[in-house]
Amino acid sequence: MYTIINNYIKSKKGSCQAYAAPFAVKLFKDRKNIVEPDISIICDRDKLTDRGCTGAPDWIIEIVSPGSSGHDYIRKLNLYADAGVREYWIVDPRTEKITVYCLKTPDPEIDTYTFQDKIKVNIYDDLWIDFKELDI
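Residues numbered from 1 in each chain as written. Predicted model: local features only at pLDDT ≥ 70, side-chain atom pairs only at ≥ 80, totals over all residues. Heavy atoms only, no water.

Details of the pattern of salt bridges
Stated formally: Basic side-chain nitrogens of Lys or Arg form a salt bridge, by our definition, when they fall within 4 Å of a carboxyl oxygen of Asp or Glu. Secondary structure follows DSSP: runs of H or I at least 4 residues long count as helices, runs of E at least 2 residues long count as strands, and numbering of each begins at the N terminus. Burial classes follow relative accessibility: with a 1.4 Å probe on protein chains only, a residue under 20% of its type's maximum area counts as buried, one over 50% as exposed, and anything between as partly exposed.
Applying the stated criterion across every chain, the model contains four salt bridges. For the salt bridge of aspartate 126 with lysine 12, the shortest nitrogen-to-oxygen distance reads 2.7 Å. On the criterion of sequence distance, the pair formed by aspartate 126 in the loop between strand 11 (118-120) and strand 12 (128-130) and lysine 12 in the loop between helix 1 (2-11) and strand 1 (17-20) is long-range, its members being 114 residues apart. A residue is classified by how much of its surface remains accessible, and aspartate 126, at 39% relative accessible area, is partly exposed. Put simply, arginine 86 and aspartate 58 hold a salt bridge, and the shortest N to O gap is 2.9 Å. Placement of arginine 86 in the loop between helix 2 (69-83) and strand 8 (87-92) and of aspartate 58 in the loop between strand 6 (52-54) and strand 7 (59-63) is noted, with a sequence separation of 28 residues between them. Aspartate 58 gets classed as buried once you look at its relative accessible area, which sits at 10%.

Put into structure tokens, the structure is as follows:
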């Protein structure tokens, strides 16, 4: 997924940057919360530091590990929504489902997909991720 996203950004000569873990994200300047999303897309380069990112990335993707599902679906979802992340994807290889949270509105939109679906990335007009083409 990282490669698809990074290639898309480069092909569009976009201002965003994609980062794969390990990449530290300090969501709030006044709090100690530091997370390491599996993939982070940051469009405001002023948020980038020599230590990672300070502030909310525009798009975060987490790949669920067997012991982390509650962490990703509850704790991180709330943190990311509070911090101002615009889009959050949870990819669960065990259930072969992707949950997409569009967090840029007061009432977040939530959609669920499978590994057979082609999913529109909400922060871009013309980026789709086809999960049938990925080796997850």
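Things to note about helix 1
We count it as follows: Within this analysis, the arc is defined by the directions that extend from the helix axis to the C-beta atoms. When checking whether two residues touch, look at their non-hydrogen atoms; a contact exists if any pair is within 4.5 Å.
Looking only at helix 1, the buried set comprises Ile5, Asn6, Tyr8 and Ile9. The buried residues of helix 1 occupy an angular sector of 160° when the element is viewed end-on, so they sit on one face. The outward face of helix 1, more than 90 degrees from its buried face, is lined by the exposed residues Thr3, Lys10 and Ser11. Looking at the packing, one finds that the buried side of helix 1 touches strand 1, strand 4 (39-42), strand 7 and strand 12.

Regarding the state of the cysteines
Just so we agree on the cut-off: Criterion for a disulfide: a pair of cysteine sulfur atoms at a distance within 2.5 Å.
Using the criterion set out here, one finds one disulfide in the structure. Between cysteine 16 and cysteine 43 runs a disulfide, and the two sulfur atoms are separated by 1.9 Å. Negative torsions about the S-S bond denote left-handed disulfides, and the value of about 95° found for cysteine 16 with cysteine 43 makes this one right-handed. A residue pair is termed long-range when its members are at least 10 positions apart, and cysteine 16 in the loop between helix 1 and strand 1 and cysteine 43 in the loop between strand 4 and strand 5 (48-49) qualify at 27 residues. Here cysteine 53 is not cross-linked by a disulfide; its sulfur's nearest cysteine counterpart is in cysteine 43, at 10 Å. Accessibility expressed as a relative area gives 3% for cysteine 53, which makes it buried.

Bear in mind that shape data such as this cannot, by itself, settle questions of function.
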